[in-house]
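Now for the letters of each chain:
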Amino acid sequence: MLQVNFIKQNKERILKGLATRNYKEDSSKLIDSIIEWDDARKETQTALDELLAKNKLFSKEIGGLFKQGKQEDANSLKQQVDANKVKIKALEDDMRDIKDKLDNGLLQIPNVPHDSVPAGNTDEDNEVYKEWTGALPNLGEKALPHWELAKKYNLIDFELGVKITGSGFPLFRGQGARLQRGLINFFLDEASKAGYEEIVPPLLVNEASARATGQLPDKEGQMYYVEKDDLYLIPTAEVPVTNVYRNVIVKEADFPIKLTGYTPCFRREAGSYGKDTKGLNRVHQFDKVEIVQIVHPEKSYEVLETMLDHVANLLTKLELPYRILRLCGGDLGFTSALTFDFETYSAGQGRWLEVSSVSNFENFQSNRLKVRYKDANNKTQLAHTLNGSALALARIIATLLENHQTPDGIRIPKALQHYVGFDIIN
RNA sequence: GGAGGAGUGGCAGAGCGGUUGAAUGCACUAGUCUUGAAAACUAGCAUAGUGAAAGCUAUCGGGGGUUCGAAUCCCUCCUCCUCCGCCA
């Protein structure tokens with residue numbers, strides 16, 4: 001969430017940013033309201049503080065008077081305190097009301113897109129940031145999509161997933177399961193080599209955590225919710241891993257903080273039934289290795305580049321053709337200032353599939369998380385947070401199977417052979 | 001799930017209705033001393049709101065209540081510890 005002071009000082013910039021996002025609400029009005037509410041908040045607070053200070057003083061006097069045995073004086077003071085208490089109660093009610101409005105208003109304003117974010121509505125308006133310059137695999141007429149390959153080599157059983165749970169919960173078996181496990185280890189090792197600390201977090205989180213990283217209230221319907229215990233199944237490791245630093249004031253010298261974590265991810269994908277749901281293209285449960293960084297505000301865009309390089313390097317080692325998109329305003333996540341998506345070419349389907357999303361949230365997320373540091377003047381400042389998938393498994397398996405299919409079987413890229421324990425699936 | 005105990009600043013730990021945002025120790029930061037370091041000594045050292053600042057206000061696990069006044073009393077929730085039960 002944006003800071004109120006930032007909103008006050010940058011109204012035009014925010015409106016321009018919201019336009020880039022193609023934001024539908026009457027944002028100008030909302031921003032004016034927020035500014036009004038905040039002014040009202042300050043005014044009420046000042047009035048309230050004055051009364052509280054008065055009563056505090058009176059109470060001290062009353063204490064003194066009692067000690068001196070001046071009961072009557074004390075009692076008359078008490079009446080004044082009581083009168084003030086009525087006013088205080090009213091102001092406190094006002095305050096709660098104003099704060100609610102202010103908080104709700106702030107929650108409705110998405111992050112301001114970075115200047116480089118192109119205006120646009122849908123994923124068709126995303127800008128190709130880095131094109132694939134090599135040749136795309138041409139497997140001819142015999143190229144199979146991954147769901148057929150999965151069946152042919154008995155790697156993934158979608159029907160069993162349906163039997164056990166429901167659609168969108170694939171079951172991996174045999175070499176398919178091995179491939180899955182190998183990829184996870186490969187991604188984690190690469191992240192460790194790049195200096196990320198490995199975390200094994202809880203897979204269910206409480207409301208405070210989901211709120212802090214911005215899943216709530218924005219994506220409430222997308223998360224599985226365990227009502228009995230009031231917990232959410234994580235839609236990404238970003239939630240528990242970033243929350244490690246919720247409400248923490250870090251030392252400036254500790255930057256950059258780099259964390260990685262492998263977790264299954266659970267997504268209800270409500271509203272997207274029937275769209276791209278074939279095979280592994282869109283599932284309710286998939287595995288992902290996430291990388292997260294908490295950095296000095298001046299460094300975040302530099303760090304974003306290194307994260308892009310990290311993901312690119314993974315895809316290169318997996319010998320997969322990929323391209324990088326810069327998301328347009330309309331496709332940009334609520335909390336993000338700038339997001340790059342990685343897509344790999346899916347040779348069996350003849351289309352590009354999103355396999356990673358790398359974002360800089362600037363201080364939008366840290367403002368809710370309250371991840372801060374002390375600057376040179378010992379003032380508390382918000383850190384910047386970034387994260388990226390490195391990588392999301394399900395679709396990587398899909399493209400891996402499709403791109404590396406040969407008449408003799410599915411070739412395992414060299415970098416991965418050591419992890420899966422075989423060099424071909426047949 | 002049942003019974004009991006406990007939650008105070010970065011850590012340890014006092015306070016248990018009155019001027020306490022909170023003793024003391026450790027840690028940390030700066031200074032004095034020293035060739036340098038250590039030790040010793042001196043000072044500083046929570047977060048947030050508001051304000052130009054001084055200051056004022058809130059916060060002693062969270063929320064609510066009693067009281068002129070609450071870290072201290074009451075209610076409730078959460079967390080941790082011990083014991084019993086169950087169990088991967």
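Residues numbered from 1 in each chain as written. Chains lettered and ligands numbered in written order. Predicted model: local features only at pLDDT ≥ 70, side-chain atom pairs only at ≥ 80, totals over all residues. Heavy atoms only, no water.

Caption draft 1: Structural detail: the overall build of chain A. Along the backbone of chain A there are 13 helices and 19 strands. Over its C-alpha atoms, taken along the principal directions, chain A stretches across nearly 100 × 45 × 45 Å. The buried share of chain A, taken over its 426 residues, is 49%. For chain A, the share of sequence-separated contacts (at least 6 apart) that also reach a separation of at least 24 residues comes to 73%. Looking at chain A as shown, the accessible area adds up to about 21,000 Å², and 48% of this sits on carbon and sulfur atoms. (Helix = DSSP H or I, 4+ residues; strand = E, 2+ residues; numbered from the N terminus. Buried < 20%, exposed > 50% of the residue type's maximum accessible area, 1.4 Å probe, protein only. Contact = heavy atoms within 4.5 Å. Areas by Shrake-Rupley, 256 points an atom, 1.4 Å probe, with all protein chains shown as cover.)

Caption draft 2: Quick peek at the side chain of E402. With respect to the secondary-structure elements, E402 resides in helix α12 (residues 393-403). For the buried E402, no salt bridge is present, and the opposite-charge side chain at shortest range is R351, 8.3 Å distant. Ignoring any residue separated from it by four or fewer positions in sequence, one finds E402 in contact with L139, L144, P145, H146, L149, S346, A347, G348 and Q349. (Lys, Arg positive; Asp, Glu negative; His and termini not counted. Salt bridge = Lys/Arg side-chain N within 4 Å of Asp/Glu carboxyl O.)

Caption draft 3: Seen up close, the sheet that holds strand β8 (residues 248-250). Strands sit in the order β8-β14-β15 across an open sheet of 3 strands; the sheet is mixed. Among the strands making up the open sheet, the edge pair consists of β8 and β15 (380-382). Across the sheet, the mean angle from the axis of one strand to that of its neighbour is 40°, orientation sign disregarded. (Pairing = 2+ DSSP bridges. Axes fitted to C-alpha atoms, helices over the stretch in contact; angles between N-to-C directions.)

Caption draft 4: Structural view of the protein's contact with RNA strand B. Taken together, 21 residues sit near RNA strand B, with R41, D49, S59, R372 and K374 positioned nearest. Per the 4 Å cut-off to the protein, sugar and phosphate atoms form 82% of the nearby atoms of RNA strand B. In the model, a sugar or linking oxygen of RNA strand B is placed 2.4 Å from a nitrogen or oxygen of the R41 side chain. Of the residues forming the surface near RNA strand B, the biggest block, 12 residues, is contributed by helix α3 (residues 27-67). (Near = heavy atom within 4 Å. Polar contact = N/O pair within 3.5 Å; in protein donor to acceptor, adjacent residues only side chain to side chain.)

Caption draft 5: Spotlight on the pattern of salt bridges. Following the criterion strictly, the structure yields 15 salt bridges and no others. The shortest N-O distance in the salt bridge between R41 and D38 comes to 2.2 Å. Pair noted here: R41 and D38 are both in helix α3, with a separation of 3 residues, about one helical turn. Ionic pairing is found between K288 and E290, a salt bridge with its closest N-O pair at 2.6 Å. E290 matches K288 in its accessibility class, with the two residues each being buried. One continuous salt-bridge network, built from bridges that share partners, spans K8, D38, D39 and R41.

Caption draft 6: A look at the domain arrangement of chain A. We note that the domain assignment places domain 1 (4-107) and domain 2 (123-425) within chain A. On a C-alpha basis, the centres of domain 1 and domain 2 stand 43 Å from each other. (Domains from an automatic or database assignment.)

Caption draft 7: The pairing of strand β13 (residues 351-360), seen in detail. Where burial is concerned, most of β13 is hidden: 7 out of the 10 residues are buried. Hairpin geometry of strand β12 (residues 338-346) and β13 is characterised by an intervening segment of 4 residues between the two adjacent antiparallel strands and by a positive phi of about 65° at G350. Taken together, the 3 bridges between β13 and strand β16 (residues 384-392) define a ladder with antiparallel strand orientation. Note that in β16 the partner of S359 across the bridge is N387.

Caption draft 8: Quick look at helix α2 (residues 11-20). Restricting attention to buried positions, one finds in α2 the residues I14, G17, L18 and T20. For α2, the angular spread of buried residues about the axis comes to 150°, placing them on one side. Seen from the buried face of α2, the exposed residues on the opposite side, beyond 90 degrees, are E12, K16 and A19. Within two residues after α2, N22 carries a phi angle of roughly 60°, on the positive side. (Arc of directions from axis to C-beta.)

Caption draft 9: Representation of the packing of α3 against helix α4 (residues 71-107) in the model. One way to put it is that α3 packs onto α4 with a least axis distance of 8 Å and a crossing angle of 160°. Considering their axes alone, α3 and α4 lie roughly antiparallel with respect to each other. Of the two possible hands of crossing, α3 and α4 adopt the one that is left-handed. In terms of residue class, the contact of α3 with α4 is made up of 21 nonpolar, 7 polar and 12 charged. (Parallel < 35°, antiparallel > 145°, perpendicular 65-115°, else oblique. Left-handed = near helix turned anticlockwise from the far one by under 90°. Nonpolar A, V, L, I, M, F, W, Y, C, P; charged D, E, K, R; others polar.)

Caption draft 10: Quick peek at the sheet that holds β13. Pairing is mixed across the open sheet formed by 8 strands, whose spatial order is β1-β11-β12-β13-β16-β10-β9-β4. Unpaired on one side and paired on the other, β1 (127-130) and β4 (197-199) mark the two borders of the sheet. On average, each strand axis in the sheet is inclined to that of its neighbour by 30°, with strand direction left out of account. As judged from the 5 bridges shared by strand β11 (residues 322-326) and β12, these two strands associate in the antiparallel manner. Each bridged residue has a counterpart across the sheet, and for R323 the counterpart in β12 is E343. Of the strands in this sheet, β1, β10 (285-295), β11, β12, β13 and β16 touch helix α10 (residues 300-317), which is tilted by about 5° from β16.

Caption draft 11: Up close: unusual backbone geometry. That bond from L216 to P217 is cis: its omega, 0°, falls within 30 degrees of zero. Here P217 lies in the loop between α8 (207-212) and β6 (225-226). Cis rather than trans, the peptide bond between A390 and L391 has omega equal to 0°. In this structure, E319 takes a positive phi of about 60° despite not being glycine. Within the fold, E319 resides in the loop between α10 and β11. The exposure class of E319 is partly exposed, given its relative accessible area of 35%.

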